[in-house]
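Read off the chains here:
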Amino acid sequence: LDAVAPDHAVYIRAVWGWWSRRPFPSVANSLALRRAGVTRDTPAPHNVEIVKDARGEPTGIFFERNFVPVLEYTLFRDLPRFKYCDRVDSVRLGAHAYVAAGTTSLYEGHGLTPTVIRAYRENAERNAMPLRMHAPVSMPSAAFDDQRLVDLFHHYAGPAGGRGRGDDILRVEGINLGGHADATVADIIAAGYPYDQWAGHFYQAMTAERFVKLGIEAARLGLRVNCVISRDIEYGLSAYEAIDKEVSIRDRRWVMIHVNQATDAQIRRMNALGVIATVVPGFLWMAGDRYGLDKLGGDGIPIRRLLDGGVPVALSTDGVPYSMLWAAWEAIARWDEDGQRQLGESHLT
């Protein structure tokens, strides 16, 4: 990099973590290191390795193990960031890519930030949206305290409560809230609020107790909740049950995103709550790098048992590969590319 760009600071980021394999490499040239103030004495950020040479000097290579990268919020926080025009262009390009792969409708369970929703709306108004988008609003729960977040719920109860607002092309309904994720990563990213980083949603991580407290307020305001529960289904299931004891959610079709495993007893509880499950068959493809699905084998992503238990299931791509046809194939094939084997039978036709 120094040879081809001696007079310009160059930083090449890793591919988005969930779409690649750990560790995720980034690389910077010498001028970028100097501008970022990275020296032999610079402490490495959370779950990041600063690679050094035999003399102990940084080589410009960084290995990160956070699925949601933090280098751009720490050592390289001065990098140029997305502008609104970039969001508008990316929505248009992404929508056409999905249509080319045969997808006509999308549901973004992770939620979208207001900036990205605005970019979708602008494309729809320009007749540049060749598919339908339905999405909740992503909540900045790591950046806001409880009172400020509940105030936000009240603001969104009008446009996003009940069945939401919009039309057949773009509809905003409910919120994405909660998540049993890495709290340290959440705090790092929250410090950059309101920047909404690469995924177009806010990173969330909260205790079960906080989730229940906030979920009750959301339920009272008629906000449908979507929660990522991939690491621990009991986290979301128990919280939903606790919320339901205070305010019934049984006819509101709340969503449990990334259901990677569930016992028969948990499936019965899901059915009783009337929740929707989304699953990502693509996680099986890189099973050794995703939630220990290689160890779960046939119990991982139990689509057949969920359906038999009366739980509605939606296949999802989680972004990559973005072909829903591939996701449908993987739901049946259950092929583990890491282990070069099938992870149990799908029992799906």
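Before reading on, note that the structure itself is shown above.
The structure contained in this document is the topic of the report that follows. (Residues numbered from 1 in each chain as written. Predicted model: local features only at pLDDT ≥ 70, side-chain atom pairs only at ≥ 80, totals over all residues. Heavy atoms only, no water.)

Regarding the nonpolar core
No. 1: Ranked by internal contacts, the top residues of the largest apolar core, which has 66 residues, are L177, Y240, V259 and M270.
No. 2: With residues up to four places along the chain from it excluded, the contact list for M270 reads I233, L237, M256, V259, V275, A277, L306 and V311.
No. 3: Within the second largest apolar cluster, 26 residues are counted, among which are W16, F67, V68 and A186. (Core = buried A, V, L, I, M, F, W, Y, C linked by side-chain atoms within 4.5 Å. Buried < 20%, exposed > 50% of the residue type's maximum accessible area, 1.4 Å probe, protein only. Contact = heavy atoms within 4.5 Å.)

Digging into the packing of helix 7 (residues 233-246) against helix 8 (residues 264-273)
No. 1: As a packed pair, helix 7 and helix 8 sit with axes 11 Å apart at the nearest point and diverge in direction by 35°. When the axes of helix 7 and helix 8 are compared, the crossing they make is left-handed. Here I233, E234, L237, S238, Y240, E241 and D244 of helix 7 come into contact with helix 8, specifically with Q266, R269, M270 and L273.
No. 2: Residues that form the contact of helix 7 with helix 8 fall into these classes: five nonpolar, two polar and four charged. (Axes fitted to C-alpha atoms, helices over the stretch in contact; angles between N-to-C directions. Helix = DSSP H or I, 4+ residues; strand = E, 2+ residues; numbered from the N terminus. Left-handed = near helix turned anticlockwise from the far one by under 90°. Nonpolar A, V, L, I, M, F, W, Y, C, P; charged D, E, K, R; others polar.)

A short note on the sheet that holds strand 2 (residues 24-28)
In sheet architecture, strand pairing relies on hydrogen bonds along the backbone and comes in two forms, parallel and antiparallel.
No. 1: On the basis of which strands lie adjacent, the open sheet formed by four strands has the order 1-2-4-3 and antiparallel pairing. Edge strands, defined here as strands with exactly one partner in the open sheet, are strand 1 (11-12) and strand 3 (48-52).
No. 2: Pairing of strand 2 with strand 4 (residues 58-64), which is carried by four bridges, proceeds in the antiparallel orientation. When the sheet's bridge partners are listed, V27 is paired in strand 4 with I61. (Pairing = 2+ DSSP bridges.)

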